[in-house]
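Here's the letter readout for the chains.
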Amino acid sequence: MAPPNRPRSEAWSAAIVRHMFMIAQTDSDQYRYERKFHVTQLSRPHVESIVRLNPAIFSEIYHRRWINSLYLDSWSMASYHENLIGCSHDRIKYRIRWYGDLFGQVGQPVLELKIKHGDVNRKQTYKLAPLVMNEDFSASTIHELLRAADLPESVRGELLKLRPVLANRYSRTYYLTADRRFRATIDSDMTYFDASDECRRLRFDWHDPASVIVELKYAIAAAPLANHITQHFPFRMTRNSKYVTGVEQVRCR
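Residues numbered from 1 in each chain as written. Predicted model: local features only at pLDDT ≥ 70, side-chain atom pairs only at ≥ 80, totals over all residues. Heavy atoms only, no water.

Moving on, we get to the pattern of salt bridges. Applying the stated criterion across every chain yields a total of 13 salt bridges. Note that arginine 64 and aspartate 189 form a salt bridge whose closest N and O atoms lie 3.5 Å from each other. Residue arginine 64 is found in strand 2 (residues 58-73), and its partner aspartate 189 is found in strand 9 (residues 182-194); the two are separated by 125 residues along the sequence. Residue classification places arginine 64 among the partly exposed positions, given a relative accessible area of 42%. Linking arginine 172 and aspartate 187 is a salt bridge whose minimum nitrogen-to-oxygen distance equals 2.7 Å. Here aspartate 187 lies in strand 9 and arginine 172 lies in strand 8 (residues 163-177), a separation of 15 residues in the sequence. Considered together, arginine 172 and aspartate 187 belong to a single accessibility category, that of buried residues. (Salt bridge = Lys/Arg side-chain N within 4 Å of Asp/Glu carboxyl O. Helix = DSSP H or I, 4+ residues; strand = E, 2+ residues; numbered from the N terminus. Buried < 20%, exposed > 50% of the residue type's maximum accessible area, 1.4 Å probe, protein only.)

Next up, the structure:
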């Protein structure tokens, strides 16, 4: 399915924001590779055992926790379509992230701009004021939060053109190799909710109990060693976007 034509103003403003963040050199320490493996035939404990037994010696570095994300997109769903077709140009994904419970008082939400440049990406983050996630939540709730936040004006202007589209949550564990060059995360128990104003369905969700997502993350300088790790994974590298998956499962038509 081809993406709709983006309005000139939308494409132009997005290009300005992209230019802001693409000035940095791609060999910067901030950029990294993320290799994803979507596993459906193995249980999470089995996948964790495989990661721990890798010759690179992965050790768990943080306690398992729940991650919640609220994705923002334009009215034309530009981010969704760009993710779906794998656009080669630089792009930014906007989301608000927090840990713990999905609903209720959110004490420390963080705005994340995930900036993709070719095969590598980096994140730009900004702290936001507390918010309450409940059935009264709306696009205006997020816009008020963004207006009050300490953000570059060009970023704020772009964000105020977006709207909440999807909420999701999943359980994540974190691992680090003995040489500290490679990080792996394992996600499971993915649940998705429609978060749009026109089709509020926060009470209804789609739960994916079968999928386990492994992500291998490493700096550009470590890329020549990555195959030494992935060759011991008995699962295939895939393109995987939780945002695209969620939109396709729960968004009202």
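If you trace the backbone, glutamate 215 turns up in strand 11 (residues 212-219). Remark: the alpha-carbon pair of glutamate 215 and asparagine 240, spanning 25 residues in sequence, is separated by 9.9 Å. Excluding residues that lie within four positions of it along the chain, glutamate 215 makes contacts with Glu34, Arg35, Lys36, Arg172, Arg183, Ala184, Thr185, Asp187 and Lys242. (Contact = heavy atoms within 4.5 Å.)

On the secondary structure map, asparagine 240 appears in the loop between helix 6 (226-230) and helix 7 (242-250). Exposure remark for asparagine 240: the relative accessible area of 15% places this residue in the buried category. Residues asparagine 240 and asparagine 83, 157 residues apart in the sequence, show an inter-C-alpha distance of 9.4 Å. Not counting the four nearest positions on each side in its chain, asparagine 240 is found in contact with Lys36, His38 and Ile213.

Glancing now at the packing of aromatic side chains. Scanning the entire structure with this criterion turns up 9 aromatic pairs. A centroid spacing of 5.4 Å and a plane angle of 25 degrees characterise the contact between tyrosine 33 and tyrosine 218, whose relative ring orientation is stacked. Taken together, the positions of tyrosine 33 in strand 1 (residues 32-39) and tyrosine 218 in strand 11 put the pair 185 residues apart, joining distant regions of the chain. By the burial criterion, tyrosine 33 is buried, and tyrosine 218 matches it. Taken together through their ring pairs, the aromatic side chains of Tyr33, Phe182 and Tyr218 make up a single cluster. Of note, arginine 65 hangs over the ring of tyrosine 99, and the distance from its end group to the ring centre comes to 3.7 Å. (Phe/Tyr/Trp six-rings, centres within 6.5 Å; stacked < 30°, edge-to-face > 60°. Lys NZ or Arg CZ within 6 Å of the ring centre and 35° of its normal.)

Two elements, strand 5 (residues 110-117) and strand 6 (residues 120-127), share 8 bridges in a ladder whose sense is antiparallel. Note that in strand 6 the partner of isoleucine 115 across the bridge is arginine 122. As consecutive antiparallel partners, strand 5 and strand 6 are separated by 2 residues, and within that stretch glycine 118 has a phi angle of approximately 65 degrees, a positive value. (Pairing = 2+ DSSP bridges.)

Okay, the side chain of arginine 156 next. Mapped onto the elements, arginine 156 comes out in helix 5 (residues 153-159). Here the side chain of arginine 156 touches arginine 147 through a polar contact of 3.1 Å, landing on its backbone oxygen. Sequence-distant contacts of arginine 156, defined by excluding residues within four places in its chain, comprise Leu146, Arg147, Ala148, Ala149 and Leu151. (Polar contact = N/O pair within 3.5 Å; in protein donor to acceptor, adjacent residues only side chain to side chain.)

Model confidence for the chain is summarised by a mean pLDDT of 87, while 84% of its residues fall at 70 or above. Of the regions scoring below 50 in pLDDT, residues 1-9 engages in 13 contacts with residues more than four places distant in sequence or in other chains. Counted against residues more than four places away or in other chains, residues 22-27, with its pLDDT under 50, gives 12 contacts. (pLDDT = per-residue confidence, 0-100.)

What follows is about the side chain of aspartate 187. Since its relative accessible area comes to 0%, aspartate 187 is described here as buried. Side chain to side chain, aspartate 187 and lysine 242 meet in a polar contact 3.0 Å long.

Glancing now at helix 4 (residues 139-148). Buried residues of helix 4: Ala139, Ile142, His143, Leu145 and Leu146, and no others. Mapping the buried residues of helix 4 onto a view down its axis gives an arc of 160 degrees, with all of them on the same face. Opposite the packed face of helix 4, turned more than 90 degrees from it, sit the exposed residues Glu144, Arg147 and Ala148. (Arc of directions from axis to C-beta.)

Looking now at the nonpolar core. Judged by nonpolar contacts, the single largest core of 27 residues is most densely connected at Leu70, Ile96, Leu111, Leu113, Met133 and Leu159. In terms of residues, this core owes the most to one element, strand 3 (residues 91-99), which gives 4 residues. Ranked by size, the runner-up nonpolar core spans 23 residues in total, among them Val51, Ile186, Val212 and Phe235. (Core = buried A, V, L, I, M, F, W, Y, C linked by side-chain atoms within 4.5 Å.)

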